[in-house]
Every structure is written in structure tokens, then in C-alpha cells.
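What the coordinates show
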Amino acid sequence: MTQSSSNFDATSGDGYELQMGRFSRRLAGRFLDFTGVSDLGRILDAGCGTGALSAELLRRTQHASIAGVDIAPAYVAYAASTTTDDRIAFTVGNLEELTFADGEFGQVFSQLVLNFVPRTDLAISELVRVTAPAGTVSAAIWDVRGGLLFNRLFFDTASVLDPAADAARGRNLTRPLTRPGTLAAAWEAAGLTDLRQGEVAIRMEYSSFDDYWAPCDGDDGPIAAYLKTVGQELRSRIKDAVRRAYLDGDEDGPRSYTATAWVVKGTKPSGG
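Residues numbered from 1 in each chain as written. Predicted model: local features only at pLDDT ≥ 70, side-chain atom pairs only at ≥ 80, totals over all residues. Heavy atoms only, no water.

**A short note on the packing of helix α5 (residues 149–161) against helix α10 (residues 232–247)**
This is how it is decided: Here the axes come from fitting lines to C-alpha atoms, over the contacting stretch only for helices, and the angles between their N-to-C directions go from 0 to 180 degrees. Here a helix means four or more residues in a row that DSSP labels H or I, a strand means two or more in a row labelled E, and each is numbered from the N terminus. Any angle that falls under 35 degrees is termed roughly parallel, while one over 145 is termed roughly antiparallel, one within 65 to 115 roughly perpendicular, and all others oblique. Crossings are sorted by hand: turned counterclockwise from the far helix by less than a right angle, the near helix makes the crossing left-handed, and turned clockwise it makes it right-handed. When checking whether two residues touch, look at their non-hydrogen atoms; a contact exists if any pair is within 4.5 Å. Amino acid classes used here: Ala, Val, Leu, Ile, Met, Phe, Trp, Tyr, Cys and Pro are nonpolar; Asp, Glu, Lys and Arg are charged; the rest, including Gly, are polar.
It is the contact of α5 with α10, at a shortest axis distance of 9 Å, that shows an interaxial angle of 130°. By the angle between their axes, α5 is oblique relative to α10. Between α5 and α10 the crossing geometry is right-handed. Two secondary-structure elements touch here, α5 through Leu153, Phe154, Thr157, Ala158 and Leu161 and α10 through Leu234, Arg237, Ile238, Ala241, Val242, Ala245 and Tyr246. Of the residues assigned to the contact of α5 with α10, the class counts are 10 nonpolar, 1 polar and 1 charged.

This is the structure we're talking about:
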């Protein structure tokens, strides 16, 4: 179980919080509004990151115990530092090789991670394996091509200036499970029944271009990963072009961008 079993550059909890944590916290509530949560037994947060979904699960339950697992030790450490609730435990682990017992969890949730797992089908199989018969498995994945504006703003702009950015854009927009219907199809292929699929949207506010750009100067996520490969002169040109795209002919200041996720929930057959 190594860091190589993820296609997401993960360096620090603070870095993830700056880049995606603020999105994760807003999405968590909308995701759980869609799926519902039962305050019984064991719950798994698979790919817990810095703990946004786990925190929302804690808020919505009083008795259930929660396990959070993620491939990135820095994220697990950050998540563990955010709570003293003894109902939850965070561990480092690979979604393709979960160490939990068969049928250990009545509910399994996965938010914003499955499209970054190299062997997506194996990860989904593992989520189903650790789910109890008649238990539920739910996931949320960004609609990166049609519904993640902050990401498109950067990559669409950078791609005009650099063929390597265009290649990174292509990889980012064609990750598994991100096209319409593919998440639910994967759930059906895994043998889950009573499928419910849909989409949920949030908005993310930025106070200024500097607020938008700050995660780009970090180490976490696809945008930062691409920029680490770029020389200073090209990086400056890209930043200036992205600034113009952010401004859109207006003064610098607040912007509000939509972010839409595909969501799905399925039930493991009682005989499974």
C-alpha cells in the first residue's frame, strides 16, 4: 500500500485544505442529503482525505462508529488532528487492498477519490466486499468536464500556451467515472442494486484572483502538479493569462464558481 496507488499529488493536509478541502466540506453535506445516513453500526469513509466527509458523518450521527481511510499519510494525520471524538478512527490504507473484514460496514461512502485510483474496478470491488449484505455503498465524483469551473478556467487557458498543459488537461478531463452515467454503470457492474443516481452542485467563492491562485502555488492536486513542471517564464505567462480569464474584463474581486458532482447510491444484495 504505497502512495503510488493514487493519481493525486498529496503532500500536506494544509495544502489539500487550500486546494480542495473547502470544496469537500461544502459538498459533504449535499452528498449526505442525497444518500441519507443511518445512525447504526459501522460506517466507512473511503478516501477520507483531510476528514471533511467524516466530520459531517459525525455531526449527523450519535451512535455509529466511523472509520476513515486514505492513501496519503499527511491527509490522515491532518484528519486525525481535527477531532477528539472516540467514535472515529483514521488509518492509512489503499482502497484497492482494504484491510477491513468482509461485511464489516453497514454504510460505505466515498467522496472525490475513486477517479484518482489507478484500478478503479478493484477499488469498487473492495468497497462492496467490506459492505454488509443489505448495506449501502455511495460515491460522489466531480463532473470535471462539464461541471468544475475553477478547474476548466485554469486548464483551458494554460492549454493555449503549452502543449504539456493540453496533455495534462486531457488526462484530467478523461479520468474514470467522470462522464455522465459512468458512475452508476460501475455500481451496476459491481452487482449493487436499488441504484439511485443524480448530481449535486455547490458554489465556491473566491475573494480575489490571489485567493483563486494560491492553491496553484502549492504541491497538492493536478494544477499544482502540472505547474511544478513548468519554467518560471512560462509559469508567469500562464498566471497572467489565467488572471485575465478570472477578471473577465471586470475589476479584481469576488467570484463565485459552480462545482457539480455525480452521485450514486446502491445496495449490496442480501445474499452477497
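**Some thoughts on the sheet that holds strand β4 (residues 105–111)**
What counts, and what does not: Strands were regarded as paired on the criterion that DSSP finds at least two bridges between them.
A sheet is described by the order of its strands in space; here 7 strands give the open sequence β3-β2-β1-β4-β5-β7-β6, paired in mixed fashion. With partners counted over all chains shown, the strands left at the sheet margins are β3 (88–92) and β6 (193–206), one partner each. Neighbour-to-neighbour, the strand axes of this sheet turn through a mean angle of 20°, independent of strand direction. Across 3 bridges, the pairing between strand β1 (residues 42–46) and β4 is parallel. Note that in β4 the partner of aspartate 45 across the bridge is phenylalanine 109. Sheet strands touched by helix α7 (residues 182–189): β5 (131–142), β6 and β7 (255–267). Its angle to β7, the strand with the most contacts, is close to 15°.

**Some remarks on the side chain of aspartate 211**
Mapping aspartate 211 onto the fold places it in helix α8 (residues 209–213). If near-sequence neighbours (up to four positions away) are discounted, aspartate 211 is found in contact with Arg22, Glu205 and Tyr206.

**Comments concerning a negative patch on the surface**
The cut-off we apply is this: Candidates for patches are residues over 30% relative accessible area with no salt bridge; among them, like charges are joined within 9 Å and nonpolar side chains (Val, Leu, Ile, Met, Phe, Trp, Tyr) within 5 Å. Surface accessibility in these figures is a Shrake-Rupley result with a 1.4 Å probe; residues are shielded only by whichever protein chains are displayed. Put simply, a salt bridge is a Lys or Arg side-chain nitrogen that is within 4 Å of an Asp or Glu carboxyl oxygen. For the purpose of counting charges, residues Lys and Arg are taken to be positive, whereas Asp and Glu are taken to be negative. His and the chain ends are not included. Think of each charge as sitting on NZ of Lys, CZ of Arg, CG of Asp or CD of Glu. Here's how the labels work: a residue is buried when its accessible area is under 20% of the maximum for its type, exposed when over 50%, partly exposed in between, all with a 1.4 Å probe on protein chains only.
Where like charges cluster on the molecular surface, the negative patch consists of Asp210, Asp248, Asp250, Glu251 and Asp252. Relative to the helices and strands, glutamate 251 is located in the loop between α10 and β7. Overall, glutamate 251 belongs to the exposed group, its relative accessible area being 64%.

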